[in-house]
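Inside the fold
These are the residues of each chain, in order.
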Amino acid sequence: GRRPRDGTARYNRGVSRGLVVLLALTLLAPAAAHAADGVVTATLPNGLRVLLLEDPRSPIVSFQVWYRVGSRNEQRGATGLAHLLEHMMFKGTPTYGPRQFARIVEQNGGQDNAFTSQDVTSYFVNIAADKLDLVVELEADRMQNLLLDPKEIDSERQVVIEERRTRTEDDPGGFLGEEVSSIAFKAHPYGYPIIGWVEDLKRLTPDEIRAFYRAYYVPNNAIVVAVGAFRAEDALERIKRRFGRIPRGPEPPAVLAVEPPQNGERRVLVRKQAELPIVYLAWHVPNHRSEDAAALEVLSTVLSGGRASRLYKRLGYERQLALEAGGDYSYFSLDPNLFWFWATAMPGQTPETLEQELLAQMERLRSEPVTEEELQRAKNQIEATFVFQEDSIHRRAALLARFELLGGHGLKDAFLAKIRAVTAADLQRVARAWFPDDRKNVGVLLPRP
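Starting afresh in each chain, residues are numbered from 1 along the sequence in its written order. The model is predicted, so local features are restricted to residues of pLDDT at least 70 and side-chain atom pairs to those at 80 or more, both for listing and for counting; the totals for chains, interfaces and linings are taken over all residues. For side-chain calculations, the full set of non-hydrogen atoms in the structure is used, while hydrogens and water are omitted.

A closer look at the overall build of the protein chain
What counts, and what does not: Secondary structure is summarised from DSSP: a helix means a run of H or I of at least four residues, a strand means a run of E of at least two, and numbering begins at the N terminus for each. For this measure, only C-alpha atoms enter the radius of gyration; the expected value for a globule follows 2.2 Å times N^0.38, where N is the number of residues. Working definition: with a 1.4 Å probe on protein chains only, accessible area under 20% of the residue-type maximum means buried, over 50% means exposed, and in between means partly exposed. Contacts: residue pairs with any heavy atoms within 4.5 Å of one another. Working definition of accessibility: Shrake-Rupley area with a 1.4 Å probe, residue cover restricted to the visible protein chains.
The helix and strand inventory of the protein chain stands at 15 helices and 13 strands. For 449 residues, the compact-globule estimate of 2.2 N^0.38 gives 22 Å, and the C-alpha radius of gyration of the protein chain, at 22 Å, lies within 12% of that figure. Its C-alpha atoms give the protein chain principal-axis dimensions of about 60 × 50 × 40 Å. Within the protein chain, the proportion of its 449 residues that are buried is 58%. The contacts in the protein chain between residues at least 6 apart in sequence include a share of 82% that link residues at least 24 apart. For the protein chain, the computed accessible surface area is about 18,600 Å², with 53% contributed by carbon and sulfur atoms.

Digging into the sheet that holds strand S11 (residues 322–329)
This is how it is decided: Whether two strands pair depends on DSSP finding at least two bridges between them. Comment: axis = line fitted to C-alpha atoms, over the contacting stretch for helices; angle = value between 0 and 180 degrees taken between N-to-C directions.
Strands sit in the order S9-S13-S10-S12-S11 across an open sheet of five strands; the sheet is mixed. Every interior strand has two partners, whereas the edge strands, strand S9 (266–272) and S11, have only one. For this sheet the average axis-to-axis angle between neighbouring strands, irrespective of direction, equals 10 degrees. Examined bridge by bridge, strand S10 (residues 278–285) and strand S12 (residues 337–345) share eight bridges and lie antiparallel to one another. If you follow Tyr280 over to S12, its bridge partner there is Trp342.

Considerations on the environment of Asp55
Just so we agree on the cut-off: In the analysis that follows, any N or O atom pair within 3.5 Å is treated as a polar contact, provided that within protein one partner can donate a hydrogen and the other can accept it, and provided that, for residues neighboring in sequence, both atoms belong to side chains.
Take Asp55: it is sitting in the loop between strand S4 (49–54) and strand S5 (60–67). Through-space distance from the C-alpha of Asp55 to that of Val227 is 6.2 Å; in sequence the pair is 172 residues apart. Each residue touching Asp55, except ones within four places of it in the same chain, is listed here: Val227, Gly228, Ala229, Ile393 and Arg396. At 2.8 Å, the side chain of Asp55 forms a polar contact with the side chain of Arg396.

Quick word on the pairing of strand S13 (residues 441–447)
When you tally the buried positions in S13, you get six out of seven residues, the bulk of the element. Of the strand pairs in this sheet, S9 and S13 are connected by seven bridges, and their pairing is parallel. Note on S13: the bridge partner recorded for Arg266 is Asn441. When S10 meets S13, the two strands line up antiparallel, connected through five bridges. Note on S13: the bridge partner recorded for Tyr280 is Gly443.

Details of the side chain of His188
Mapped onto the elements of the fold, His188 is located in the loop between helix H5 (172–184) and helix H6 (198–203). Filtering out sequence-adjacent residues up to four positions away, His188 remains in contact with Arg72, Val255, Ala257, Glu259 and Asp335.

Some points on helix H3 (residues 132–144)
Selection criterion: A helix's residues, less one, multiplied by 1.5 Å, set its expected span.
Between its terminal C-alpha atoms H3 stretches 19 Å, which fits the 18 Å expected from 13 residues at 1.5 Å a residue. Among the residues making up H3, those that are buried are Leu132, Val135, Val136, Leu138, Glu139, Ala140, Asp141, Arg142 and Met143. Considering only its buried residues, H3 is in contact with S5, helix H2 (100–107), strand S7 (121–128), helix H7 (206–216), strand S8 (222–228) and helix H8 (232–243).

Focus: the environment of Gly306
Along the chain, Gly306 falls in the loop between helix H9 (293–304) and helix H10 (310–318). By relative accessible area, Gly306 is classed as partly exposed at 33%. Separated by 72 residues in sequence, Gly306 and Ala378 have C-alpha atoms that sit 9.6 Å apart. Every residue in contact with Gly306, bar those within four places of it in the chain, is listed here: Tyr312 and Gln381.

A short note on the packing of aromatic side chains
As a reminder of what qualifies: The criterion for an aromatic pair is that two Phe, Tyr or Trp rings (for Trp, the six-membered ring) have centres within 6.5 Å, with stacked assigned to planes under 30 degrees apart, edge-to-face to planes over 60 apart and tilted to the rest. A ring is considered to have a charge above it if a Lys NZ or an Arg CZ atom is located within 6 Å of its centre and within 35 degrees of its normal.
Within this structure, the stated rule accounts for 21 aromatic pairs. Both rings, one in Tyr67 and one in Tyr123, keep their centres 5.8 Å apart while their planes meet at 85 degrees; by these two values the pair is edge-to-face. Here Tyr67 is found in strand S5, whereas its partner Tyr123 is found in strand S7, with 56 residues between them in sequence. When its relative accessible area of 0% is taken as the criterion, Tyr123 is described as buried. Taken together, the aromatic side chains of Trp283, Tyr329, Tyr331, Phe339, Phe341, Phe386, Phe403, Phe415 and Phe435 make up a single cluster linked through ring pairs. In this structure, Arg142 is placed above the aromatic ring of Phe90, and the distance from its NZ or CZ to the ring centre is 4.6 Å. Lying over the aromatic face of Phe332, Arg402 brings its terminal NZ or CZ to 4.1 Å of the ring centre.

Right, dumping it as structure tokens:
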């Protein structure tokens, strides 16, 4: 029962819950460097970071551009900017007109898509390897030459408002998640919905969108990742030739907001047309920089990783209280974020019962160590997810980008070693440290007749 909460994407594809590692590895020289894991890296003179990995198993390539900008970079009154700009990236340049990007990719047998999260906006094309030059040209062109025509902005604004209606306002889970985030964060922009508040979406001006584009869509704020059937040195030359001509931009403004400690329980109750009650609990937890991050990752898997997990077994199977139940931790979040628990009631069950049972599960984690079998199963699940990513060139590329965003792409083993080192005592310690009763954020949704 995992429900990723940090992505809105074109065609309803959210952020994959990637696993990430912190590795302080920065290469400033534009010359290519070869890492032990086969990744060829370079930083161009204009600041563009490039990661390339040869994978000749299939004659295809996944080419991805990740911009270090998401809803985290927005200001009050201008929420939804990053996601609206993601939509506008498909609306043409002077060279390739509106909607040509996707059409050209499709005509050449490829797939393209994008997503916006709290921390990043990512674009990808998966295509036959001999079309790499075409994709490099298309992506470099829209990094610099987006049209941002006011008429197109107005029409896309309506598309996003409609997307918000279907995904948030008409979706009880999405609606409640948004309400809980907004009470959990007072100071940090993680409290804003990625898709934006509808009042802001209606108001955003073409000038604001242009300024946002110029500030964040610069080579020194981007990572290009490609995995597939190419020679890395050749691919790097092509990327240098085309992306290297784009001038470096000013350094984008840093996000300075720090969420102050929570001083008491916060609670929101909403009534909405829905089939069944829903309960969300969320606590503030540290991100990947913390010594506790690996234990929190294992803890979320113990709680909600598959049918053998605690919440599924206890609330769903044994007690028949919940139709679905889960928990989630964003290990790769750039700033400290929330650890979520949720449950949707079975018909006839009350939200009070669900909340008490979720809190009882939390108390159990604090008071008794998890069994050796549960601990090992959770670690195996995390490791298996990690290994299976290697089967897909798309996921291999995305994982490299996720590592890079946190400080360095290399040595996934550093992450797995941390996971393997987690003990039952660690889980008990982090449950006691991060889930105090008086610091929870509670959201309850009651169906309106």
